[in-house]
Amino acid sequence: MKCSKLIYVNIGLACCFLFTIVSFANDDIVPIPTKVKTNKDLVEVGKKLFFDTRLSANDELSCASCHNVVDGWGAEPSAVSTGIRQQLGKRNSPTIFNSVLNFKQFWDGRADNLSHQASFPVTDQVEMGMSSWDEVIVKLKGDNYYTAAFKQLGFDGVNKKAVVEAIAEYEKTLLTPNSPFDQFLNGDVGALNQQQIDGYRLFKSYGCISCHQGVNVGGNMFQKFGVLEDISLHNGSLSEDLGRYNVTENEWDKRVFKVPSLRLAAVTPPYFHDGSVKTLQDAVEIMIEFQLGRGVPDEDRDAIISFLGSLVGEKPQGVK
């Protein structure tokens, strides 16, 4: 009799887990792919360029200076980045991991893809400070490795197009798959604890999922900062940046930004476009207030934060 009861209990628990997984199987978030199709040889060139300080005017800064993929999670740990001649930028540098999964690049979406994005910082006078791409190419042409590699890959020598495409090809490999939540979606019933499962349900019921969904849990749309409570009426740097309006000059785009991915939110403070919010706890509360127009009990907030922790996947091996 005891054995029969135990069997029934186990069957009941299994059915409960199965129901939970089935209920999430066709959900708004899908697992990160373990890899994307790339040209292995071009990736190797791009990796060298990503860490090459000759892309900056003073030969001191590289892409990795603001996107530390080796010791960090590919994001800027300070509010804003420090560029050439110790100049400070105006926006926080988001993680480069999983950026290939975004529909646009930069907070204001001014770049359509990774290669387009790679063309900006090099000649930005606050970031890497090169006077022109011609100056960049002159420096890189003096490197026999780049000259031979690009020739072998079929490019017309060392040129801007070749350089930005190589950097983008390397960045495509910077994925963080196999997070606990991805494992859960793929059928591992023990990958999440109950608080994380509850957190995801709350994430959906509060409405966070309306902007943060898809493979990157964000990064696939634009949204106004301050939907239900106007951020422009509050003092502070969050209200000062006009976002996408600076690109389009469309009145409707004031304080509109690309919705950031939440895949690595748990490990990439500080938060928001200006890096002014230091903790994930505060970030969650601010988002629920200004985007959803409500408060959040501590228990619900903590469960949502626990769920966000389950989105952190594995770094690719040999990122440098």
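Residues numbered from 1 in each chain as written. Predicted model: local features only at pLDDT ≥ 70, side-chain atom pairs only at ≥ 80, totals over all residues. Heavy atoms only, no water.

**Observations regarding the nonpolar core**
Counting 35 residues, the largest nonpolar core has Ile29, Phe181, Phe203, Phe272, Ile304, Phe307 and Leu308 as its most contacted members. Breaking this core down by element, the ones donating at least two residues are α8 (180-185), α9 (194-205), α11 (280-292) and α12 (298-309). Setting aside chain neighbours within four positions, we find Phe181 in contact with Ile29, Leu192, Tyr200, Phe307, Ser310 and Leu311. (Core = buried A, V, L, I, M, F, W, Y, C linked by side-chain atoms within 4.5 Å. Buried < 20%, exposed > 50% of the residue type's maximum accessible area, 1.4 Å probe, protein only. Helix = DSSP H or I, 4+ residues; strand = E, 2+ residues; numbered from the N terminus. Contact = heavy atoms within 4.5 Å.)

**Structural notes on the confidence of the model for the protein chain**
In the predicted model, the protein chain carries a mean pLDDT of 89, and the fraction of residues at 70 or more is 88%. Here helix α1 (residues 2-25) is the element of the protein chain with the lowest mean pLDDT, 40, and helix α7 (residues 160-172) is the one with the highest, 98. Low pLDDT, under 50, characterises residues 1-26; the stretch is placed with 12 contacts to residues that sit more than four places away or in other chains. (pLDDT = per-residue confidence, 0-100.)

**Concerning the side chain of Asp300**
Summarising the element assignment, Asp300 is placed in helix α12. Here Asp300 occupies a buried position and makes no salt bridge, while the nearest side chain of opposite charge, Arg294, is found at 6.5 Å. Only 2.7 Å separates the side chain of Asp300 from the side chain of Tyr206, close enough to count as a polar contact. Apart from the residues lying within four places of it in its own chain, the contact partners of Asp300 are Leu202 and Tyr206. (Lys, Arg positive; Asp, Glu negative; His and termini not counted. Salt bridge = Lys/Arg side-chain N within 4 Å of Asp/Glu carboxyl O. Polar contact = N/O pair within 3.5 Å; in protein donor to acceptor, adjacent residues only side chain to side chain.)

**Regarding the pattern of salt bridges**
In the structure shown here, the tally under the stated rule is 16 salt bridges. Here Lys139 makes a salt bridge to Asp59, at a shortest N to O gap of 2.5 Å. One end of the pair, Lys139, is in helix α5 (residues 133-141); the other, Asp59, is in the loop between α2 (40-50) and α3 (63-66), and 80 residues separate them in sequence. What makes Lys139 partly exposed here is its relative accessible area of 22%.

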